[in-house]
Amino acid sequence: PVKELYPSDEILEMILEEKIDITFGSDAHNTNQVGFMLKETIQKAKKIGFSEAIYFENRKKIKVKL
């Protein structure tokens, strides 16, 4: 197991600098892996400087505060 969050801090910093929206997902191979380390991932995004993320509902982009 890799045991690290992806993308790296450097990539997240570039994404933030370019004002690109972020969303969260799980690379789950079974149901007990869905949402693995989600709290840590959100905290990492906040530490980098993100204040919101997006998700999609009926093909509509919805922003949420972190």
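These lines cover the structure that appears in this document, whether it is placed above or below. Given the structure is predicted, the values throughout are model-derived calculations rather than measurements. (Residues numbered from 1 in each chain as written. Predicted model: local features only at pLDDT ≥ 70, side-chain atom pairs only at ≥ 80, totals over all residues. Heavy atoms only, no water.)

1. Examining the overall build of the protein chain
Item 1. In terms of regular secondary structure, the protein chain is built from two helices and two strands.
Item 2. The order of helices and strands in the protein chain, counted from the N terminus, is α-α-β-β.
Item 3. Taking the principal axes of the C-alpha coordinates as reference, the protein chain spans close to 30 × 30 × 15 Å.
Item 4. Within the protein chain, the fraction of its 66 residues that count as buried is 17%.
Item 5. In the protein chain, once contacts between residues fewer than 6 apart in sequence are set aside, the share between residues at least 24 apart is 48%. (Helix = DSSP H or I, 4+ residues; strand = E, 2+ residues; numbered from the N terminus. Buried < 20%, exposed > 50% of the residue type's maximum accessible area, 1.4 Å probe, protein only. Contact = heavy atoms within 4.5 Å.)

2. Notes on a nonpolar patch on the surface
Item 1. Together, Y6, I11 and M14 line one region of the surface with nonpolar side chains, adding up to about 360 Å² of accessible area.
Item 2. Mapping Y6 onto the fold places it in the segment before α1 (9-17).
Item 3. Here Y6 falls in the exposed class, since its relative accessible area comes to 72%. (Patch = residues over 30% accessible without salt bridge, like charges linked within 9 Å, V, L, I, M, F, W, Y side chains within 5 Å. Areas by Shrake-Rupley, 256 points an atom, 1.4 Å probe, with all protein chains shown as cover. Salt bridge = Lys/Arg side-chain N within 4 Å of Asp/Glu carboxyl O.)

3. Things to note about the pattern of salt bridges
Item 1. According to the stated counting rule, one finds five salt bridges in the structure shown.
Item 2. Across the salt bridge formed by K44 and D9, the nearest N and O atoms sit 3.3 Å from each other. Of the two residues, K44 is situated in helix α2 (residues 38-48) and D9 in helix α1; the sequence distance between them amounts to 35 residues.
Item 3. For K44, a relative accessible area of 16% corresponds to the buried category.
Item 4. Of the residues examined, D9 reaches a relative accessible area of 29% and is grouped as partly exposed.
Item 5. Of the charged contacts in the structure, one is a salt bridge between E52 and K65, with a shortest N-O distance of 3.9 Å. Taken together, the residues span a long stretch of sequence, with E52 in strand β1 (residues 52-57) and K65 in strand β2 (residues 60-65) at a distance of 13 residues.
Item 6. Residues participating in the shared-partner salt-bridge network are D21, E52, K61, K63 and K65.

4. Looking at the environment of S26
Item 1. Along the chain, S26 turns up in the loop between α1 and α2.
Item 2. In this structure S26 comes out as partly exposed when scored by relative accessible area, which is 41%.
Item 3. For the pair S26 and L38, spaced 12 residues apart in sequence, the C-alpha separation works out to 8.5 Å.
Item 4. Excluding residues within four positions of it along the chain, S26 makes contact with Q33, V34, G35 and F36.

These figures come from the coordinates and say nothing about function on their own.
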